[in-house]
Amino acid sequence: MMKNIIVTLLLLASLVSCNTEDSKIKYSYSVNSQGMVRREMIARNAMTDTEIEMEGKAAFSADGNTITGITTGGFINYRDKEKELKITNSDGKIITNIKINDRKISLTSDTGKEIMADAARQVKKLQNKQK
C-alpha cells in the first residue's frame, strides 16, 4: 500500500513539472531610439524550440490565424524548430516569407497556412504579454 502511494506521488510530481510550460520561456521587452517596441521570446524544452523576435506592433485577421500587418519599419522573425516565418513592412509594403529547412513554402498552401496560424498565435501571446 505504501509503495503504491509513493509511486503515485512520484508520478504526480513528474506530471506537474512537465506541465510548467512558462518555466522554460524567456521574454524581453525594450523600446528602440525611434520609440518602436521590441519584443523577444525564446521557448526551449524537450518538446519546444521556438523563437520570436519582433519590432513594432502586429495586426491580425478577425479569426486570429493570420498576421495581416506590422508597424511600418517593423518586422517579425518567428522560428519553430525547422519552420521559419519572416514578415517585414517596408514603406507600407508587407513582405511575408515562410520556409521549412530553408525551402520556401507558399503562404497559400496548407503548410503555409498552418505555420502562419502557429506564428500568429505565438506573436499575439507575446504582444499581449508585453503591452
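Just above sits the structure.
Quick caveat: nothing in here was measured; it's all calculated off a predicted structure.

> Account for the overall build of the protein chain, naming residues and giving values.
Looking only at helices and strands, the protein chain has 2 helices and 9 strands in total. Put simply, the protein chain runs from its N terminus to its C terminus through helices and strands in the order α-β-β-β-β-β-β-β-β-β-α. Contacts spanning at least 24 positions in sequence make up 37% of the contacts within the protein chain whose residues lie at least 6 apart. Approximately 8600 Å² of the protein chain is accessible, and the part contributed by carbon and sulfur atoms is 54%.

> Go over the nonpolar core with me, naming the residues and quoting the values.
Counting residues in hydrophobic clusters, the biggest one holds 22 residues, and the most contacted among them are Met54, Ala58, Ile67, Ile76, Leu85, Ile87 and Val123. Contributions of two or more residues to this core are made by β2 (37-44), β3 (49-55), β4 (58-60), β5 (67-70), β6 (75-80), β7 (83-90), β8 (93-100) and α2 (110-129). Of the residues forming this core, the biggest block, 6 residues, is contributed by α2. Setting aside anything within four residues of it in sequence, one finds Ala58 in contact with Ile67, Gly69, Ile70, Ile76, Val123 and Gln127.

> Which residues make up the packing of aromatic side chains, and what values go with them?
All chains considered together, the criterion is met by 0 aromatic pairs. Seen from the ring of Phe60, Lys124 lies directly overhead, with NZ or CZ sitting 5.2 Å from the centre.

> Explain the environment of Thr108 to me, using residue names and the numbers behind them.
In this fold, Thr108 is placed in the loop between β9 (103-105) and α2. Of note is the side chain of Thr108, whose polar atom sits 2.8 Å from the side chain of Ser106.

> Tell me about the pattern of salt bridges, and please be specific about residues and values.
Counted by the stated rule, this structure contains 6 salt bridges. Between Arg38 and Glu40 there is a salt bridge, with the nearest N and O atoms lying 3.7 Å from each other. With a relative accessible area of 21%, Arg38 lands in the partly exposed category. The exposure class assigned to Glu40 is partly exposed, which follows from its relative accessible area of 29%. Across the pair Glu51 and Arg79 runs a salt bridge, and its minimum N-O distance is 2.9 Å. Of this pair, Glu51 sits in strand β3 while Arg79 sits in strand β6; the two residues are 28 residues apart in sequence, bridging distant segments of the chain. Overall, the relative accessible area of 27% leaves Glu51 in the partly exposed class.

> Account for the environment of Ser106, naming residues and giving values.
By the secondary structure assignment, Ser106 is in the loop between β9 and α2. Judged by relative accessible area, Ser106 falls into the partly exposed class, the value being 39%.

So, how was this worked out
- Residues numbered from 1 in each chain as written.
- Predicted model: local features only at pLDDT ≥ 70, side-chain atom pairs only at ≥ 80, totals over all residues.
- Heavy atoms only, no water.
- Helix = DSSP H or I, 4+ residues; strand = E, 2+ residues; numbered from the N terminus.
- Contact = heavy atoms within 4.5 Å.
- Areas by Shrake-Rupley, 256 points an atom, 1.4 Å probe, with all protein chains shown as cover.
- Core = buried A, V, L, I, M, F, W, Y, C linked by side-chain atoms within 4.5 Å.
- Buried < 20%, exposed > 50% of the residue type's maximum accessible area, 1.4 Å probe, protein only.
- Phe/Tyr/Trp six-rings, centres within 6.5 Å; stacked < 30°, edge-to-face > 60°.
- Lys NZ or Arg CZ within 6 Å of the ring centre and 35° of its normal.
- Polar contact = N/O pair within 3.5 Å; in protein donor to acceptor, adjacent residues only side chain to side chain.
- Salt bridge = Lys/Arg side-chain N within 4 Å of Asp/Glu carboxyl O.

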